[in-house]
Every structure is written in structure tokens, then in C-alpha cells.
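Per-entry structural report
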2 protein chains.
Amino acid sequence: MPEPAAQMGRPLPVLLIRTLVPIALTLILHPLIPVLGLTEYFPFPPQPTFPALQANIGFALLALVGALYLVPKVSPAFIDKGLKGRDLLKPGGRTSGPWVPECLGLPCATLYLLLMMLFIPFPFSHIFQVAGNNGVGREKFPLRELTFYLTSLLSLLTATLLGFIDDLFDIRWRHKLPIPLIAAVPTLLVYYATGGWTWVVLPESVGKLLRSLGLPGWTGAPVVNLRFLYYVYLALLPTFTTNSINILAGINGVETIQPLIIAMSITLNDLLYLPIWPEWFLEFLGIENAAGGRILTWAVGQVVTRHLMSLYFMIPLIGVCAGFLWHNWYTARAFPGDTLCYFTGMAFSAVAIQGHFAKTMLLFFLPQIFNFLLSCPQLFRLVPCPRHRLPHFNEATGLLEPSKAVFERAPPLPGRIFLEVFQALGLTRLERAPPPADSKSEEVASSKSWPQEGDIVSATNLTLLNYLLVRLGPMHEPTLCLLVGAVQVAGSAVAFAIRYGVGSLVYGGDRR
Amino acid sequence: MPEPAAQMGRPLPVLLIRTLVPIALTLILHPLIPVLGLTEYFPFPPQPTFPALQANIGFALLALVGALYLVPKVSPAFIDKGLKGRDLLKPGGRTSGPWVPECLGLPCATLYLLLMMLFIPFPFSHIFQVAGNNGVGREKFPLRELTFYLTSLLSLLTATLLGFIDDLFDIRWRHKLPIPLIAAVPTLLVYYATGGWTWVVLPESVGKLLRSLGLPGWTGAPVVNLRFLYYVYLALLPTFTTNSINILAGINGVETIQPLIIAMSITLNDLLYLPIWPEWFLEFLGIENAAGGRILTWAVGQVVTRHLMSLYFMIPLIGVCAGFLWHNWYTARAFPGDTLCYFTGMAFSAVAIQGHFAKTMLLFFLPQIFNFLLSCPQLFRLVPCPRHRLPHFNEATGLLEPSKAVFERAPPLPGRIFLEVFQALGLTRLERAPPPADSKSEEVASSKSWPQEGDIVSATNLTLLNYLLVRLGPMHEPTLCLLVGAVQVAGSAVAFAIRYGVGSLVYGGDRR
């Protein structure tokens, strides 16, 4: 029987594409009307307050359409070159499951980067100043911001190149761990070379505590200069943002829906800092306007610039992730490869480092932090870790079930303690050795042998995916992926609550 | 008979590597001694005038050693992935010639880019200002220069990524032609966004001519603003520097020796602009020092900065090309792939665009220009063009001979004219149809048939390599490669003569 041919992408949403392309071009060209001196011919609609931001949304739509179109276009070439993998969670699985082109994060990342390069003149040239209108949103970005923009692109491009090399040559685990760190080198060194800020604002509560202790030499200001340590912190950030997405993987769509929702959350957070909100809306939200004003008083000067910069990166990222998700969604016609994780993870780190909101960024990674902490006993080999930890596909029911790590010998004591605690918390499901069936086997088993009655012989793998399956029972693959998306959205809601509700405990007065 | 296994790189020059690494580290660490406050422990040797430049030479040595070491290390992975080609000019040729790993330009380019990223703090941070010494060569580069540096890295990285995608997926000719242009996008857009200079200094002779004509509105200054056309010119530059090296290819080492010598020539040219030359040397060269001073008066301010910037890119490029040449030299153990051409070509374009010496750069491409012009009749299909135009390997003698394009029908008239002219100039060797052997065939051949007596039936392929073989007779492959190197050196000598001898005819008074 011939193998079923790999399918090249999902059929394209032609009507959507035909609608989006003219909208995208309009958004991009509209701010150029006064630049080209055509205002008298096209007086409507009036020019936007943020012309570069409007164009950026146009570029995001192009990224969406481009990703939709490119992925099936280049899939055959990827399969030809052996960049393909079997979908393990489909009938046939490891041996005869369908071939899916792998590493399609590469064309998406390349497309994104090319669009971001073409976007350079919009915020960084003088084009929106021709009318003498230098108000908020129209000023030419200073050279310093251009430097940051270029550095971020450089880090993203490095992450893409190294990620692709990793996908192609199957680099060993210990060799690929430093890849996000290497990709962050331009960001960190330019941060340093331009006189990087290494002060951290302490929470007011800590500041009060230190004041009350009356430490010698303590000036009372709740800030502390971490100096070299700050760079260690910044260097660890991309390693975390990249790998934490990478280990929450294994089912169709889940590697794409995570960065999609994180990018949306960051976009929402950035938008809060733009002076675009009408007063009635802010008052409706219960945010005072005068002396006690919170959002409005932030929305000035460099803070606006920083968050505009972050938006310029995040909005097209939403576009490209959404376009790729079309092909990556169940049943996946394309796999992202590590390239997409490296690329999106680096994007999050770069905007967080240069926008000075690394702590807020981490809040949007709550599901990933949970998944990482849950995984630790297996990652550090306290509990046996099989090669794949993705859920188990039950061919009879067509549902996903939690996969198990079956132990060949007793795990070390700390591992057993973790497992017992995790089971008590409902995070895993353990199987214990049954009482000996009859006296014969009891004779064979010496008092030192393993397993004895009640010993743990298997545990469901310690990942967020298996945890959801343990708690909620077997379910279909797309349901589980949607559920992860819902968890991510819930995580972001909690993040906003922490940041703007109880933020003063963690963030101190300076809410930038 | 089993195929001979591909050989992984040439044996390493271990003694050279062991000598170079400590030298490189010393060059890099020595300028850091006062930065780390260790001057009292290491008072000797005195600190250099150009600390960042000294460190750059150290990085270049690391690039050399790294390329030597990396190429054989990663070759097996490249062969595994099918990135390999047969060496056509060895016994066995197309069918059983030795396999050689292909596309080894990728690790070289990646290494170079990572070193260039690590180099960022040397020229662009405040580290060399700690001693309060802000003299020539020690000032912190302005943010503007950092922007240019990052942009060049971005273009180089894009060229590397797209070049590798090209090598891997065998992109079609018409799809890969715009690759250098895409890679140049960041350079061009940042040039524009930072208020790019689009004035061109006309030769004094042209200025005089225009003045004598008394053109209306002509202010008399021998400069002209090309505006949009200047960007067209800058956009075509990378297409030329990349592809002109790419089409002068086919024998072991020739794709590496060209950028090596071009980078050396640019380095020499840049060094002329640094204030490092003792007066006696300049007087010895016959260059006055006072009012008529030529070199010394240039060596100030922004001109020094620009050429320092160019040196920072070119010196490590020499290192990485020299390291790769070790493995690429006859008999080649590694092929560069298009990646190396894209990468080096983009490096030349980037420094030329941002250093404002695009015309001087073109002078160093004289052999490539000659090869391109010679190739035009075949590139534009006026003369039949076989798939490979590399020289022919004579297995009996072991020598290379000119390869021929054999015609299946009469080439069009313009092609025939080109061939006759080229033969008259000694650039090609033609074969003509012999007189009909006997009356029988004369009967068969109607008066309209081809070839008739004297018609051209074949011509040696129109490349510099075949031209050298036509003029100087068959030779060994490494001899031909050395000869191309010699031609390149001679071309650079001519370039220096034009630039500094008769330069005023072409360059006008402003010799920057």
C-alpha cells in the first residue's frame, strides 16, 4: 500500500485573503498621502494620530496573508529535503502516521523579518513630519530607538538562523541550550554599550521594610543597582521565554497558540500606555484623571515611545502566528520546528529588555512557568523522563489520554517525595505495585527487590497537557489545544490583575 | 567498489593554531587592562592608539582559527544532509569524482557574525574612555555609527540566511537574483531614514565642462544631487558585488581567493586614512605635508571614523576567508556554496555604502567586471551557454583546458559579431566548420544548411578562467587559481593607481 502523500497546507481562505490585502494596503498607504503631497485628492479619511502604528497594522495583515500563502507553497521543498515528521497523535502514529512538513517556522520568521525591515522608514524617517505636525505619535523616533529596533531585529534574525540550523542538523540538547543566549548577545551588548540601566525599582513594601530596618548607607529610595547581576537576569530571560514555550509542545497547534496569545496580551498592555483612551472610558474603568491619575499620567514621553516600539514588534507577530496557526491547527498540515519557538521567544525577550518591562513579560508566561515547575522533577531526572512526554493517543476512542513514565527501577527519594506531593495536589496520577498475586512470586521477590507492594511503578508525565488530561479526563486533540489557549488567556487575566491590581506590592510606585 | 569516503577538511595546522590563539587573546585583552584597573600590574606594552582596532585584529585571528577548526568539524553533518557535490575537475568527474561537502560558507559566516556581535562593546561603549583619554582612536563612537554597524550586520545576516536557504532548496535563478537586493534593504532604508546623502561629487573635468557650457541654473559646484537615482545605484551595488564573484567560480579556491584579496585591498585603502603614518614615510612617498598635503589632511574626524568602521568589518573578513581557503584550496575538502558569495559580497557593499566609497570599491572589482563583460554575450543568450562553463579537465594530462560551447545551430548575428570581435582581441578561440569532405555531402547540404564552410561551430566559453587558459595554455588547477589571485592583485594595483594617480579625473577634489 503506498503511503498517503503528505498534504500541503490547509485550503486557503481565499475570500479572507482577498479582503485583507486591500485593507492592509490601504492602512499602509493612507498615512503616506500627505507625504506624497496628495492630500487635496484624498482628503478623507482624516490622517491618524499614529501614522506609523496604522501602517504597522497593515504590515501585520500582510504578515497574516503571507504566512497563509507561503506555508503550503514551500512545504514540498521542505519535505523533499527531509524536513518532515510523523504526526504521532494520529492513527498509525510512529510507524505509519501522516508525514507533516517540519520547521515551517522558517518561512514565517523570514517573512516577518523582511516585513519588519520594510517597516523601518515609517517610524524612523522624517516622512510624517512634512506637514510640520510634530505632535504625539508623529515625531521622528530618535536614533537611540532605531538602534534598539535594529538590535532586536538582529537578535531575532540570529535566533531564526540558529533555530533553523538546529532543526536541520538536530543539534544535541546541551549544544542548543545556549542558542537563545547567543541570539541575545546583540541586544545585551547594545544595551550595555548605550549605557544600560541596571537599577531595579523595589516594591514599596520592601522599601518600607528596609527603611524601618535603618540599614547603614540606605538612602531611602526604593531602588537598587544590580549592576552585573542585571545582565545575568537579562541573559536568562531569552533562555526562559524560548525554552518554556518549547517544552509545552506536542499536540497540533499548541506551539503556535501560546505565542499568539502572549503577543496579544503584550499588545493589550502596550495599548494602555498610549494616549488614545477617551476620558470617559478611563473614568468608567474607575481610573481617576487628576492628581491620583494613573494611566493618563504615564502616557507621556519615553514611556509612550517604548510601548510603541513594543507594539511595532508584537502586532505583526500576532499576524504571522495567526497565519501559521491556520496550517498548524488540528489536523496539522505543518509543524513549526524549534525555529518558531526560538524566534517568538526571542521577540518577547527583545521587547521586554528594551521596553524595560521584563517583570510584566514574565507574568504573561504563567502557564509556561507552571509547566516548567511541574516538569522540573523530570527535567532534572529525579523522576524517569521518557524521550517523548506528549499525551497518549488511544486509537480505539480517538481521544488523548495522559501518557505515563513507567519506572524500571525505584526513583530516588527526592523524586518519590515530589511524586507523592504532586499526587496529593492532583498534578499527577500514580500507579502502585499491586500486592503479590500469589505466594510463588512472593518467594521470588527478595525483601530488597523492587517493586514491592505500594511502590510507585509509573506516573503520568509531569506536563501541563497531561495535568489537564488527568483532571478533566480524555479529550480530543483540538479540544486540549483550545483548553491550553483558554489557560493562557486566564493566565493573562491573572497577570493584568497582579500588574494593575496588587502591582504596588511587586512593582513599586514607578509603574512603567 | 565502494565509493571513496569524502574527506573532512585538510589536516589542521596545529602549530599555527596554538601560536595564533594566545596572540589573538593578548591583542583583545591588552586594551582592557586599564579598563579593568590593572595598569600597575601590566605596565608593558604601552596602550595602543586604536584599542578597538587592535582588539579587532585579535577577533580576526580568532575568525581565522575558528574557520580552520569549524569546517572539518561540521562537514559530516553537511554531507549527511545531502549538502555535498562532486568535484567535477578531478578524475572521475561528474560520475565518480570525490564527494565534497558543500555550503561550508554557512559556518564561516555564522562564526564571523557572532564574533562581530561580541566586538560591539569595543568601539561603541565607554570602556576606552576611563583614563580620560579621548584622543583620536579612543573616542566613543557616536550612536549614528552604531546604527550603521548594526545595519550592516543585519544585511550580512539576511544575506547569510537567504544564501543558505538558496543552497539548501536550490532556488531558481530568477528567484535568487533579488536576494542581494533584499539583504540590502536594511542598509538602504537606514541610510534613507537617517537622512541619506544623495549628492555625488563630479570629476573636476566634468565640472569644468559644465561650467564652460554655462548651463542655466548651474551653480558651478561640481556636485549633483541624484536623489532617487542614488538609491537605485546603491541597490544595484550588492547585486553586482555578490553575483560578479559568484560567476567567476568553478575551480577549487577561486571563490574564496577573490574576496580575500578584495578585503585586503579595502583594508590597505582604509589604512591610508588613519593618522598612523609617520611623516618621514609620507615624505618618502612624495606626499607633501603642508598646504599641498594630501593624505594627512584627510585623516581627521568623520573620514577616520568611516574608514575605521570599514576596517572593523574587513579585517575579520580576511581572517575568516583565509581560514576557509585552507580547506577550499586544491584539492578542495569543502565548497563554499552560494552562502559565502552572498555573505562576502554583502559585506563589501555594506561598508562601501556606509563608508561612502562605492566608486573606489568598484575599482577593486576590475577582474570581476572584466569577467562579467566577457560573459555578457552568453549570459544574455546571444551565444549558446552550457549549464557549466568551468574549464575542461583533461584526464590524460591532468591539466585544465578551455571548455567549449558547441553550437547546435547558428548563433544570432549579434552573437556572431561578438565572437568575431572577441577572437580578434584574443579573448576566445573559435572553431569553424571545415570545407565539405567530398561531393556526396555537398549534395546533401542544401545552400541554406548549417554549418557551411567557415561558419563558427564552437567557441571557448567566455569567462576569465577560459580566457587565461586560451592565452597561456593548459595548466594545473592550483596554478590557474593562483593566476586568478595574481590578476586580482594586479587589478588592485591598477585600482590604487587610478584612485590616487589619475583620480582627479574621476573623483573630483573631495577625496574621501
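What counts, and at which threshold
Residues numbered from 1 in each chain as written. Chains lettered and ligands numbered in written order. Predicted model: local features only at pLDDT ≥ 70, side-chain atom pairs only at ≥ 80, totals over all residues. Heavy atoms only, no water. UniProt positions renumbered as here; feature names shortened; annotations may be inferred. Pairing = 2+ DSSP bridges. Helix = DSSP H or I, 4+ residues; strand = E, 2+ residues; numbered from the N terminus. Axes fitted to C-alpha atoms, helices over the stretch in contact; angles between N-to-C directions. Buried < 20%, exposed > 50% of the residue type's maximum accessible area, 1.4 Å probe, protein only. Least-squares fit on C-alpha atoms with pLDDT ≥ 70 in both. Contact = heavy atoms within 4.5 Å. Patch = residues over 30% accessible without salt bridge, like charges linked within 9 Å, V, L, I, M, F, W, Y side chains within 5 Å. Areas by Shrake-Rupley, 256 points an atom, 1.4 Å probe, with all protein chains shown as cover. Salt bridge = Lys/Arg side-chain N within 4 Å of Asp/Glu carboxyl O. Buried area = accessible area lost by both parts, 1.4 Å probe. Polar contact = N/O pair within 3.5 Å; in protein donor to acceptor, adjacent residues only side chain to side chain. Nonpolar A, V, L, I, M, F, W, Y, C, P; charged D, E, K, R; others polar.

Looking at chain A in UniProt, the text filed under Cofactor (unreviewed entry) is "Mg(2+)". On record in UniProt, under Catalytic activity (unreviewed entry), the comment for chain A is "a di-trans,poly-cis-dolichyl phosphate + UDP-N-acetyl-alpha-D-glucosamine = an N-acetyl-alpha-D-glucosaminyl-diphospho-di-trans,poly-cis-dolichol + UMP".

Quick look at the sheet that holds strand 7 (residues 404–406) of chain A
All names here are of chain A. Here we have three strands laid out as an open sheet, ordered 7-9-8, and antiparallel in their pairing. At either margin of the open sheet sits one strand with a lone partner, and together these are strand 7 and strand 8 (430–432). Taken pair by pair, the neighbouring strands of this sheet meet at an average axis angle of 20 degrees, ignoring direction. As paired elements, strand 8 and strand 9 (residues 456–460) share three bridges and run antiparallel to each other. When the sheet's bridge partners are listed, L430 is paired in strand 9 with A459.

Here we look at the pairing of strand 9 (residues 456–460) of chain B
Residue and element names in this part refer to chain B. Counted residue by residue, strand 9 has five buried out of five residues, so it is predominantly covered. Bridge analysis of strand 7 (residues 404–406) against strand 9 gives three bridges, and the strand direction is antiparallel. Within the sheet, the bridge partner assigned to V406 lies in strand 9 and is S458.

Remarks on the relation of the copies chain B and chain A
Mapping chain B onto chain A calls for a rotation angle of 180 degrees and an axial translation of 0.0 Å; the resulting RMSD is 0.1 Å. Taken together, the rotation and translation relating the two chain copies correspond to the operation of a two-fold axis. When the interface residues of chain B are mapped onto chain A, 100% of them again fall at the interface, so both copies present the same face.

Considering the UniProt feature "transmembrane region" (unreviewed entry) in chain A
According to UniProt, the feature "transmembrane region" (unreviewed entry) maps to residues 12–33, 53–71, 104–126, 146–165, 177–200, 308–327 and 339–357 of chain A in the numbering used here. Secondary structure over residues 308–327 of chain A splits into 100% helix and 0% strand, and the C-alpha atoms at its two ends are 30 Å apart.

Looking at the side chain of S152(A)
Here S152(A) lies in helix 7 (residues 143–169). Those residues in contact with S152(A) that sit more than four places away from it in its chain are F313(A), A350(A) and Q354(A).

Things to note about a nonpolar patch on the surface
Taken together, the side chains of L226(A), F228(A), L229(A), V232(A) and L236(A) define a hydrophobic patch exposed on the protein surface, amounting to about 480 Å² of accessible area. With respect to the helices, strands and loops of the structure, V232(A) is situated in helix 11 (residues 228–246).

Observations concerning the interface of chain B and chain A
At the interface, 41 residues of chain B touch 41 residues of chain A. For chain B, the biggest contributors to the area lost against chain A are L154(B), L161(B) and F169(B); these three give 16% of the whole. Counting across the interface, chain B meets chain A through zero salt bridges. Seen at the junction of chain B and chain A, the total is three residue pairs in polar contact (both at pLDDT 80 or more). Mapped by element, the contributors of at least two residues to the side of chain B that touches chain A are helix 2 (51–80), helix 4 (105–118), helix 5 (121–124), helix 6 (143–169) and helix 8 (179–193) of chain B. With 17 residues, helix 6 of chain B is the largest single contributor of residues to the side of chain B that touches chain A. Taken together, the residues of the side of chain B that touches chain A break down into 30 nonpolar, eight polar and three charged.

What about the environment of V185(B)?
Secondary-structure assignment places V185(B) in helix 8. Considered as a pair, V185(B) and T158(B) are 27 residues apart in the sequence and their alpha carbons are 9.4 Å apart. For V185(B), the contacting residues outside a window of four places in its chain are M117(A) and L118(A).

Regarding the pattern of salt bridges
Residue and element names in this part refer to chain B. Tallying each qualifying case throughout the model produces twelve salt bridges over all chains. Between K404 and E431 there is a salt bridge, and its shortest N-O distance comes to 2.9 Å. Of the two residues, K404 sits in strand 7 while E431 sits in strand 8 (residues 430–432), which places them 27 residues apart along the sequence. Judged by relative accessible area, which is 44%, K404 ranks as partly exposed. E420 is paired through a salt bridge with R432; the nearest N and O atoms lie 2.9 Å apart. Here R432 lies in strand 8 and E420 lies in helix 18 (residues 413–424), a separation of twelve residues in the sequence. You can call E420 partly exposed: its relative accessible area is 34%.

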